[in-house]
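# Residue-level structural notes
For reference, the chains in residue letters:
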Amino acid sequence: MDASSKPTCRIVKPGSTYDGKQGLSYFEGIAAETVGSTGICMHLLTIPPGGRAKAHLHQSHETAIYMLSGSAHTWYGDRLEHHVVVHAGELFYIPAGVPHLPANLSNTPCTAIIARTDPSEQESVVLLPELDALVEN
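Figured I'd write up the structure that's included with this text. (Residues numbered from 1 in each chain as written. Predicted model: local features only at pLDDT ≥ 70, side-chain atom pairs only at ≥ 80, totals over all residues. Heavy atoms only, no water.)

## Notes on the environment of A103
What counts, and what does not: A run of DSSP states H or I qualifies as a helix once it reaches four residues; a run of E qualifies as a strand once it reaches two. Both are numbered from the N-terminal end. Two residues form a contact once any of their heavy atoms are found within 4.5 Å.
Within the secondary structure, A103 sits in strand β9 (residues 100–103). Residues in contact with A103, not counting those within four places in the same chain, are G51, R52, A72, H73 and W75.

Shown next, in the form of C-alpha cells:
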C-alpha cells in the first residue's frame, strides 16, 4: 500500500445533507463515501416536527442511536407491533434485520447520532412499504 492510499484520521463537519431511502434527510458524516471507512458509519439526523421515516430494516447491520435532543417514537418488529419512545440522553439499539419506523410526534425537532455497522450507510437499507400503513401519525 503506498502512502497516498494509506488510511488516515479525518474530521467531517456535518454541513451538507443527503436524502436517505428511508425518507429523511441526514447530515453527511462518517461513511465509506466520505472517509473510506470499512466497518462503520455515523451520521447526525434531525427529524422535523411531524416527520417520519418509511418502514425499513438494515439487512445484516446493527444500529446504535443516541438521542441528543427531543424524543422519537419508534415502532419495530415483524409487523411493527412494538413501540418505544427514545428521549434525549438515551441510547437505543436496533439489531440487524429488525423492521422499524421512527417518527417525531412532537412539535419540536429531535436530533440523534446514528451509528451503523454498514460503512456504505444506504446499501443495507431495505424499504418495507407493506408496513407503512401499520403506523398512523
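## Section: the side chain of H73
Threshold: Under this definition, polar contacts are N or O atom pairs within 3.5 Å; protein pairs additionally need one hydrogen-donor-capable and one acceptor-capable atom, and for neighbouring residues in sequence, both atoms have to be side-chain atoms.
With respect to the secondary-structure elements, H73 resides in strand β6 (residues 71–76). There is a polar contact of 2.8 Å between the side chain of H73 and the side chain of H83. Setting aside residues no more than four positions away along its own chain, H73 makes contact with H83, V84, V85, L101, P102, A103 and L105.

## Describing empty space enclosed by the protein
Our working definition: A cavity, in this analysis, means grid points on a 1 Å lattice covering only the protein atoms where a 1.4 Å probe fits yet has no way out; a pocket is instead an open set bounded by protein on both sides within 12 Å along at least five of seven lines, and a residue lines either one if it has an atom within 4 Å of a point. Grid points are joined across faces, edges and corners, and a volume is the space filled by probe spheres set on the points. Here the nonpolar group is Ala, Val, Leu, Ile, Met, Phe, Trp, Tyr, Cys and Pro; Asp, Glu, Lys and Arg are the charged ones; every other residue, Gly included, is treated as polar.
Across all of its chains, the model carries one cavity of 30 Å³ or more by this definition. Here the largest cavity is characterised by a volume of approximately 240 Å³. Mapped by element, the contributors of at least two residues to the lining of the largest cavity are β3 (41–47), β4 (56–58), β5 (63–69), β6, β8 (91–94), β9 and β10 (110–116). Tallied by class, the residues present in the lining of the largest cavity amount to 15 nonpolar, six polar and one charged.

## Observations regarding the layout of surface pockets
To find leftover empty space, a probe the size of one water molecule is rolled over the atoms. Here the largest pocket defines a volume of roughly 200 Å³. Along its surface, the largest pocket is lined by K6, P7, T8, C9, R10, I30, V35, G36, S37 and T38.

## Topic: the sheet that holds β10
Note the cut-off: Only when DSSP finds a minimum of two bridges between them are two strands counted as paired. Orientation is described by lines fitted to C-alpha atoms, with helices fitted over the stretch in contact, and by angles between N-to-C directions that extend from 0 to 180 degrees.
Spatially, six strands are ordered β1-β2-β3-β10-β5-β8 in an open sheet, and the strand pairing comes out antiparallel. With one partner strand each, in any of the chains shown, β1 (17–19) and β8 form the two edges of the open sheet. Averaged over neighbouring strand pairs, the angle between their axes works out to 30° when direction is ignored. By the bridge criterion, three bridges tie strand β2 (residues 25–30) to β3 in an arrangement that is antiparallel. Across the sheet, the residue bridging to I30 is M42, located in β3.

Geometry only, nothing functional implied.
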